[in-house]
Structures are given as C-alpha cells and as structure tokens.
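# Fold and geometry: a report
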Amino acid sequence: QVTLRAGAELDARRVNQYTLILRAACPGEDEVEERLFVRVTAGHVLRCETLFASTEGDVVQVLADVAPRTPLYVVLPQPLGGLTVMGQGFPSPSFLQFRLRNRNTPLTLTLQGLVLAPDNGFDPSKDTQTFLLDIEVMDRHGHNCSRALRVEVLPSRRPRVTFPEPHQAVTVTEGIGPGEVVTQVHARGDNVRYAILAPVAPVLFAIDEVTGEIRSTRRLQAIRAHLLIRAYNALHPDDHATATVNVTVQGTDRLAPRCVPAIFVSQVPETMSPGSTLVTLRCTSSTSTDGCLHYVLEGPPSSLSHFCMEGPQLKVNTTLDYDSEAMAALGFQFTATIVVTVGGQPRQSTRVPVLVTVTPVNEFRPVCPSSATFTVPETAAFGSLVGRVAGTDRDYPQESLEYSLEGGPGPAQPFSIDRRTGEIRVVGPLDSQQHKSYRLVVRLTDTHNDLDPRKRQSRLCDVSVRLQAVPDQLPECIPEVQELRITAGSPGSRQPVTRLLCHGSPDSALLTYTIVGGNEDGRFRLEGNTLVYLPGDRAEPQPFVLLVEVWGGSGGRRRSSLVALVVHVTPRSTPVPASTTTQRTTLQKEPLVVLQTEAVWHPPAWFVAVLTLSGVLLLATLGCTARKLLCR
C-alpha cells in the first residue's frame, strides 16, 4: 500500500508525474524490481499565496471622508486589486466562502470577498483610527486560508465646513424694502451652500444659497428675529455647521440720547494700569435700548492712543507715563469727546466732553552722581566755589531736588551747600597741613514729584573735597618805593595820601598793612591799604620817610614785605581851603632806598627746653658756689 507522506503538497503545475521503484523478495526466491508511475492531475484544491499566508498581515489606508459602503479591499484578484487567494480549478469565487472571525468591527466583508466601509461612514472628527480584521477563506472541501488585515482611517484632507463667527447680531432701521441686503454670513469649506433652518414662518428673510447674503422679503417694521443658518458641503451634505443671526429692526428715533455724566473731568495717577475703567456712561433714548447705542471716542491722536471705549466704558489703553517730555508737551492733560449715537445714525448723537489730567507719583529715588570728587586750593577765600553735586531723578520734573549737608557747616567741615543748585562753597579757613581732604555726606531729597508732599524720597551721597597745598608767597607791592608830595590841609582834617597796590595771595583782602617806621609823631595812619595824613600846626615844609609792612598768608605761614614811602608835606601859606591834591612821583634817578633786614630764628621746642634746663642748672651751681665762699 502506497500512501502520501504527511505534510506533503502536490502541485500539478510543477510536477505532474512521479516514478517509484519498488523491490520485493520472498524467502528463498530472487528479488523482483518493478516501476510504479504516479500521475498528478489538476484538481479542486485550495492553495494560499505567500503574501496571504504570512502572519504579519496586510495594511490598507483610507481617508475618513469616504462614502458609506465604499469598497476598501478585495481578497480575490479583481480589477479593484488587493490580496489574492489562488484556487486551482475554481472557475469563480462562488466555490469559496469568506468569513470574518472578529465581530466587533463596523466594516463589512461581502460573499465576493470585498471589504466595505461602514454603513454610516467613518467619524471625520476623530484622529487616525485603526481596525483589525481576521479574514478566513474556505473551499467546499474544508481547506482554508486565513490572515490579518489592518485598515487605517486617516483624517480627511478636505476642510470641514465651519463658521468663523457662529453668532452675529445685526441692527437695522425700519423702512428697509423687499430684496434689500440685511447682512451676509460666511462659512469656510468646500462647495459651501447656505439655507435658513428657522424660523419657518413668517418668512421675513431669504438667503442666497451660494453667496450667503440675507435679504428681506418684505418691508420691515420694528421687530426682533432670530435666524438659524446652516452651511453644508454640497457634495457631502453630512458635513455641515450652523450659526445664529439676531436681526433687530429698530424704529426711527428723532431725539438724541441723554447721558450721565454729561461732562467727564477727572484726575488719574500715572500708575493707573491699562484696562482700568475711568467712567461708565449711563445713556438712554426715548425708543431704543442700551443695545442700540453706539459709543465712539473722538479726539487728538494722543488721546486716542491712551484711551479707548468698550461699550459705554471709557478705559485706559496704554501706560500714562508722567515722567516724559511728550507728556509735558501735552500739559499732562488729555482731551477727547465720546460720541453716542442711536442705531449708528450720526444725526441722532450726543457728545460727552472728556478732560483727563495725569497726576505725578513719586516712583523713584534720587540718584547720586557717578563721580563726586573736587579739589580746592587751601587759600580759597570765603564763599569760593568748590564744585556742584549734580544729582538726578527719573521722576518729572528732574530739577526738583533739594540738597543738604549732613552735620551742617562747622570747623570739622568748613563748607556749605546751596539748597537748590547743589553748589558747595567754602565758609571757613582751610589748612592742608591739618586736613588733606574732607568727606562730606550730601542728602538728595526729591520735591514736587507727588501730590502728597509727605511722599518724599531721599538718598545720601558721599562727596570728597581734596585740599591743594599752595606754596608760600611773599606779598608784592608795585612800586616798592614811592615819593609823594601833598599840601597840608586844615588841622583836625583827614587827608588821603595814596593807596598801596599789593598782592600776594589769590585774595588781596587777606593782606594786612602796618606802619613800622617814620611815624613817630603819629601824623599818618593806615585805613586798610589807604595812607591817610592828619594835618597839624606845623608851618615849615617837612619830609616824612615811612616804612609800611605788608603781611600775607595765614597761621604759621605768614610772610611780610616792606614798602618805603617818602611824603613831602607843604604847609598851607594862605588861609584858603586846604588842597587835597596828591602828587605821586616815582623816583627814577637816585631813589631813596631803605632796607631793613630782620634775622628771625625759630628754634624747635626741644632746643628751648634743653636751654632752659641748662640755665637753671647753671644758676643753681653759681648759687651754691657763692654760698660756700660766703661761709668761709
């Protein structure tokens, strides 16, 4: 008995005949060999293609907007294409049975092996959807093939029909005739058409199916209508969207609205944030409601950029910066007008004037200068300018700073500061040997930067004043020798003779003048740098040689110079009024030169102490010696 080996498959198209060699032998007899020919003919046998028999399955991708029951896939080779099942000897697929093993799927598999879309189509609002199908193919002999099929539903590339504005409100005045355009709706999408769903009666409006224009069908009276509009895709009616349009037909009002307040005047701080409400107008009309009133802000561009209207509310649009030149140019005030109209009719309007004043707020502290170091000579006179502390403040106005010196002027800090300008001046003696520099603390305080004078801000600034040493300089007089001639006046009078011109320091007021010789009878005296003669009873001419010492400097650095004055006094000869004419002559030939030399020695303190102690010891020794001699 010859049988077919288990698992073997016959294919007549590949091998249609097999030759078997059989050998048989009985005990004691010779072996017999024969040939057996097995011919394979084509029969009704189901064979699965390699692709269909694989475990991975096949994948098909479709769009979500395909029509219901659209063929998506075919199992047998047909013009639609798809997976194939090879059935040898089968003239038509009627010999095969197609079955879905999984039941939880909206897809359908027909008797002809077609995979169809759901009866209601796919949901286009979802993202990518995936359906897994387990397909089984069986012939009449019970042979079968099975495999998995994955159907991926991709989002539709066709734009959905949508309304950019699903809610609209339109206000028109009564008297609009039939066929006039009331408004127009617009929807996005492909092949969009429009229709009015409600109200069905009365038919007051009609819509153009293509353009979306809504027109009146009769002359309109004062009514309110709520329209429900549908927009849909003409090729895919299930793709649609709805919108509502509220149409208000208002009656004609010949009276302008009345508003409270009729004039708006206000002060606002510069820190008021954008979006804040300044005022809410309460306007009424005789035949219209608040919804029919329109509010428009008119005025200069500066006002329109800083304020805006939201319905009846006047609001701040941008920051109100008081600390700017642009705001100062406006006088820190904004003017505008709110125009209130009924139904958008300009002839029925009310104008509300607006005046807004921006007030300052002290937001910032004063700022010290980046460098506050000054240098002044130690010989600077009283009131000399040392420097200026230039503080700044971001609040407007910037020049509203006050300056004060912590501790005030005194021996420790011989300076003062101007309250307004910040100028530092010398108000005391300076000596570079005692102080090389001074550290001053200046307080900056802002003023006029807030309506509340108590809201001031201040800052302490360090200021350094360095003293510049000035080398010693002897007073110098021009000329050093003078010869003068005067005529004596009446006794008891005062007669100016000359004025000495000397300088030795930046300020001549520091010089002192003293007559040190030639004024034994006291006929001359000095008043500052002016020489004055006091006439007497002397009748003969008399010359006077005066020596004037001029001192300059201060402290231990005082230095002096001598000036020689030769004064010829001529007595009056007649009892005429005294002549006060002074004749000044500068000696050109053989001048009278008077020289005075002073030897000045300033020993140090230790030398004076040693010298004093040595003197005491010497006197004690002499005393002891004298006592011994007397005792003997």
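Below you will find a few notes about this structure. Being a predicted model, the structure only gives us computed values, none of them experimental. (Residues numbered from 1 in each chain as written. Predicted model: local features only at pLDDT ≥ 70, side-chain atom pairs only at ≥ 80, totals over all residues. Heavy atoms only, no water.)

### Thoughts on the sheet that holds strand β8 (residues 108-109)
With respect to topology, three strands assemble into an open sheet ordered β5-β9-β8, the strand pairing being antiparallel. Of all the strands in the sheet, just β5 (71-74) and β8 have a single pairing partner and so form its edges. Note that β5 and strand β9 (residues 114-116) share three bridges and pair antiparallel. Considered in β9, the bridge of Pro 71 is made with Leu 116. (Pairing = 2+ DSSP bridges. Helix = DSSP H or I, 4+ residues; strand = E, 2+ residues; numbered from the N terminus.)

### A closer look at the sheet that holds strand β17 (residues 223-233)
Taken in spatial order, the four strands make up an open sheet running β12-β18-β17-β14, and their pairing is mixed. The sheet is open, and its two edges are formed by β12 (167-173) and β14 (192-198), each paired on a single side. Geometrically, the sheet is characterised by an average inter-axis angle of 30° between neighbouring strands, direction not taken into account. With seven bridges connecting them, β12 and strand β18 (residues 240-250) associate as parallel partners. Following the sheet pairing, Ala 169 is matched in β18 by Asn 246. (Axes fitted to C-alpha atoms, helices over the stretch in contact; angles between N-to-C directions.)

### Topic: the side chain of Asn 362
Relative to the elements of secondary structure, Asn 362 occurs in the loop between β27 (345-359) and β28 (373-377). Within the structure, Asn 362 has its side chain in polar contact with the side chain of Asp 446 (distance 3.0 Å). Residue contacts for Asn 362: discarding those within four places in its chain leaves Asp 395, Asp 446, Asn 449, Asp 450, Lys 455, Arg 456 and Gln 457. (Polar contact = N/O pair within 3.5 Å; in protein donor to acceptor, adjacent residues only side chain to side chain. Contact = heavy atoms within 4.5 Å.)

### A word on the pattern of salt bridges
This model, assessed by the stated rule, comprises 21 salt bridges. One salt bridge connects Glu 152 with Arg 150, and the closest N-O pair in it is separated by 3.2 Å. Residues participating in the shared-partner salt-bridge network are Arg 99, Arg 101, Asp 134 and Glu 136. (Salt bridge = Lys/Arg side-chain N within 4 Å of Asp/Glu carboxyl O.)

### Side note on the environment of Leu 63
One can find Leu 63 in strand β4 (residues 58-63). In sequence terms Leu 63 and Phe 122 are 59 residues apart; their C-alpha atoms lie 8.7 Å from each other. When residues no more than four places from it in sequence are discounted, the contact partners of Leu 63 are Phe 122, Val 153, Leu 154, Pro 155 and Arg 157.

### A few points about the state of the cysteines
Scanning all chains against the criterion turns up three disulfides. Note on cysteine connectivity: Cys 368 is disulfide-linked to Cys 461, with sulfurs 1.8 Å apart. Disulfide Cys 368 to Cys 461: torsion about the S-S bond roughly -85°, handedness left-handed. Of this pair, Cys 368 sits in the loop between β27 and β28 while Cys 461 is found in strand β34 (residues 458-468), placing the two residues 93 residues apart along the sequence. Taking the relative accessible area as the measure of exposure, Cys 368 reaches 24% and is therefore partly exposed. A relative accessible area of 3% places Cys 461 in the buried class. The partner cysteine of Cys 477 in its disulfide is Cys 502, sulfur to sulfur 1.9 Å. Here the S-S torsion is close to 110°, and the disulfide linking Cys 477 with Cys 502 is therefore right-handed. Linking Cys 477 in strand β35 (residues 476-477) with Cys 502 in strand β38 (residues 502-503), this pair joins segments that are 25 residues apart in sequence. Classification of Cys 477 by relative accessible area gives buried; the value is 7%. (Disulfide = S-S within 2.5 Å. Buried < 20%, exposed > 50% of the residue type's maximum accessible area, 1.4 Å probe, protein only.)

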